[in-house]
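Given next are the chains, with one letter for each unit.
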Amino acid sequence: MLQASRGARLVTTHPHLMANYGRLEINIVRGNGCWLYDESGNSYLDLVAGIAVCALGHAHPRIARAVAEQAATLVHVSNLVHHEPAGTLADRLAELSGFDAVFFCNSGSEANEAAIKLARKHAWRGGERDRNVILAAKGSFHGRTMGALAATDNPAYHEGFEPLPRGFAHVAFNDVAALDAAIGPTTACFLVEPVQGESGVVPATREYLEAARRLCDERGALLIFDEVQCGMGRLGPLFAFEHFGVKPDAFTLAKSLANGLPIGALVVRGDAASSLKPGDHGTTFGGSPVPAAAALEHLKIRDVLDLEEHVRVAGALLRAELAAIATELDTVFEQPRGIGLMLGLPVREPHVAKDFVAHGLDHGVFLNAAGRNTLRFVPPLIISADEIRDAAQRLRATIAATLRG
Ligand SMILES: Cc1ncc(COP(=O)(O)O)c(C=O)c1O
């Protein structure tokens, strides 16, 4: 059993859990709204939301009820038959996005695997057998399964896992000229995060995504957005593409779609939506009734809460608090970047973002480090103004303690 205490540090071992994570040494037993509680009853204001997952916070009573009711009705039946929760969720996502068809799976990586397969099959069905290159951006993160990993531009994640699948290429992010040179007759798709999350919260520019749309149209490649982290309202509008005003041919979702239950989705429009035929792709659990019911309830609750406007206001407040900290401590931090409630506070060397995370636990705030050296803020989207001000106080105390060493 872990000893719960303020002052937890990173640990990599636990008797029978594989040591593939550097976990924080706290044992979280309960969550409520934007708060987490450890086994000693210590509370933590959660600015991570399970890595941009629990958009409506923890233990939302309506999600809990939807899950319980669905679990008592039908947990699993496989994709051999139709079931209402997945069908209704697909209808709702199509209606909200204006797209045509949805494939459900269980995670962000799997959603991107499906996107990669769809892009290749789409070209293949169109008679373009050589159009098979998946072009992705430098600094990208698309997941840890082999295809998604090959699309991910992070040598540390590749090391020791080669050979990776062939037919992947990377082009500089936010560089229109480089993209112009890279998209060609063998490009099946350009797969891009509208806001790169894991590399430290780096938004694409609108001009870049507009150019991507134009170039893909001109040269017959699909434009696919990975909205696994930045979608589902994190930037304000439900879908990230709406924020940028650029419509991809397909986009992927996962993380917060079901507010914490495992689900992923590939949402496609136009000709590409019919590229996959029976038997082409599949998964046992994808879109199973309980996560689908949770996702449907999530979408209903969003409407009631007017989350789009709330994220705009709360995001501006959090950004202002972070900007004030960065201004006061400009030898430690750069100015924040990001959109809505997906914000990054870059840490200047020799300071180390992970050190602030560990100290944050002493001050009752749950933080996260991403990329080379950035504090990433992806709190529940329901976070209140008072909680944001409270978070800023806790962050200031955390920073002071970290800098004292
Ligand atoms: C943009 C993006 N794509 C894909 C993934 C992979 O999702 P999962 O961890 O659910 O496989 C992540 C996870 O962080 C992500 O941020």
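Rules used throughout
- Residues numbered from 1 in each chain as written.
- Predicted model: local features only at pLDDT ≥ 70, side-chain atom pairs only at ≥ 80, totals over all residues.
- Pairing = 2+ DSSP bridges.
- Helix = DSSP H or I, 4+ residues; strand = E, 2+ residues; numbered from the N terminus.
- Domains from an automatic or database assignment.
- Contact = placed C-beta atoms within 7 Å.
- Nonpolar A, V, L, I, M, F, W, Y, C, P; charged D, E, K, R; others polar.
- Axes fitted to C-alpha atoms, helices over the stretch in contact; angles between N-to-C directions.
- Near = placed C-beta within 6 Å.
- Buried ≥ 20, exposed ≤ 12 C-beta atoms within 10 Å, placed from the backbone.
- Arc of directions from axis to C-beta.
- Core = buried A, V, L, I, M, F, W, Y, C linked by C-beta atoms within 7 Å.
- Parallel < 35°, antiparallel > 145°, perpendicular 65-115°, else oblique.
- Left-handed = near helix turned anticlockwise from the far one by under 90°.

**Q** What should I look at first to understand the sheet that holds strand β17 (residues 365-366) in this one?
**A** Read from one edge to the other, the open sheet built from 4 strands follows the order β3-β4-β5-β17, with strand pairing classed as mixed. With partners counted over all chains shown, the strands left at the sheet margins are β3 (28-32) and β17, one partner each. As paired strands, strand β4 (residues 35-38) and strand β5 (residues 43-46) are joined by 3 bridges and run antiparallel to one another. Residue leucine 36 lies in a different strand from β5, and its bridge partner there is tyrosine 44.

**Q** Would you mind showing me how to read the domain arrangement of the chain here?
**A** Reports of interface size often rely on the accessible area that becomes lost once the parts have come together. As far as domains go, the chain holds domain 1 (62-305) and domain 2 (306-369 + 399-405). Centre-to-centre, using C-alpha coordinates, domain 1 lies 28 Å away from domain 2. With 15 residues of domain 1 at the contact, the number on the domain 2 side is 15 residues. Those elements giving two or more residues to the side of domain 1 that touches domain 2 turn out to be β11 (202-203) and α10 (289-305). Partitioned by chemical class, the residues of the side of domain 1 that touches domain 2 number 8 nonpolar, 5 polar and 2 charged.

**Q** Could you clarify how one ought to interpret the sheet that holds strand β15 (residues 337-339) in this entry?
**A** Strands pair in a sheet through their backbones, by hydrogen bonds, and they do so in one of two ways: parallel or antiparallel. A sheet is described by the order of its strands in space; here 4 strands give the open sequence β15-β16-β19-β18, paired in antiparallel fashion. Either end of the sheet is taken by a strand with one partner, and the two such strands are β15 and β18 (369-370). Sheet topology places β15 next to strand β16 (residues 342-346); 3 bridges connect them, and they run antiparallel. Paired with isoleucine 339 across the two strands is methionine 342, which belongs to β16. Sheet strands touched by helix α11 (residues 307-328): β16 and β19 (374-377). Its angle to β16, the strand with the most contacts, is close to 5°.

**Q** Honestly, the environment of leucine 191 in this entry has me stumped. Any pointers?
**A** Among the secondary structure elements, leucine 191 is positioned in strand β9 (residues 187-192). For leucine 191 and glutamate 39, which are 152 residues apart along the polypeptide, the C-alpha to C-alpha distance reads 42 Å. Other than its neighbours up to four places away in sequence, leucine 191 contacts Ala115, Ile134, Ala136, His142, Ala151, Ile224 and Asp226.

**Q** Explain the site of the ligand here, please?
**A** Close to the ligand lie 15 residues, the nearest being Ser107, Gly108, Ser109, Val228 and Gln229. Of the residues forming the shell around the ligand, the biggest block, 3 residues, is contributed by helix α4 (residues 108-125). A breakdown of the residues in the shell around the ligand according to their chemical character gives 4 nonpolar, 8 polar and 3 charged.

**Q** What's the story with helix α2 (residues 61-71) in this structure? I'm lost.
**A** Side chains three or four residues apart in an α-helix point the same way, a direct result of the helix having 3.6 residues per turn. Taken together, the buried positions of α2 are Ile63, Ala66, Val67 and Gln70. Down the axis of α2, the buried set is contained in an arc of 95°. They therefore lie on one face. Away from its buried face, by an angle of more than 90 degrees, α2 presents the exposed residues Pro61, Arg65, Ala68 and Glu69. On its buried side, α2 packs onto α3 (84-97) and α10.

**Q** I'm lost on the nonpolar core in this one. Help?
**A** One recurring pattern in soluble globular proteins is that nonpolar side chains are buried together. Ile134, Cys189, Ala265 and Leu266 are the most contacted members of the largest nonpolar core, which totals 129 residues. Residue assignment places this core across two domains, with domain 1 (62-305) and domain 2 (306-369 + 399-405) each supplying three or more. For isoleucine 134, the contacting residues outside a window of four places in its chain are Ile116, Ala119, Ala151, Gly167, Phe168, Ala188, Cys189 and Leu191.

**Q** Explanation requested: the packing of α11 against helix α13 (residues 385-404) in the structure shown.
**A** Helix packing for two helices is described by the angle between their axes and how far apart those axes are. Across the interface, α11 lies against α13 with an axial gap of 10 Å and an inter-helix angle of 20°. Taken together, the axis directions place α11 and α13 in an arrangement best described as roughly parallel. Every pair of crossing elements has a handedness; the one defined by α11 and α13 is right-handed. Judged by residue contacts, Ala314, Leu317, Leu318, Glu321 and Ile325 of α11 engage Ala385, Ile388, Ala392, Leu395, Arg396 and Ile399 from α13.

**Q** Explanation requested: the packing of α2 against α10 in the structure shown.
**A** Where α2 meets α10, the closest approach of the two axes is 9 Å, and the angle between their N-to-C directions is 150°. Classified by the angle their axes make, α2 and α10 are roughly antiparallel. In this structure, α2 crosses over α10, and the sense of that crossing is right-handed. On α10, the residues that touch Arg62, Ile63, Ala66, Val67, Gln70 and Ala71 of α2 are Pro289, Val290, Ala293, Ala294, Glu297, His298 and Ile301.

**Q** I tried to follow the pairing of β19 on my own but got confused; where do I start?
**A** Consecutive side chains along a regular strand alternate between the two faces of the sheet. Both faces of β19 are covered, namely the face carrying Thr374 and Arg376 and the face carrying Leu375 and Phe377. Bridge count between β16 and β19: 4 bridges; the pairing is antiparallel. Of the residues in β19, the one forming a bridge with proline 346 is threonine 374. Pairing of β18 with β19, which is carried by 2 bridges, proceeds in the antiparallel orientation. Following the sheet pairing, alanine 369 is matched in β19 by leucine 375. Hairpin connection between β18 and β19: a loop of 3 residues separates the two successive antiparallel strands, and glycine 371 in this loop has a positive phi of roughly 65°.

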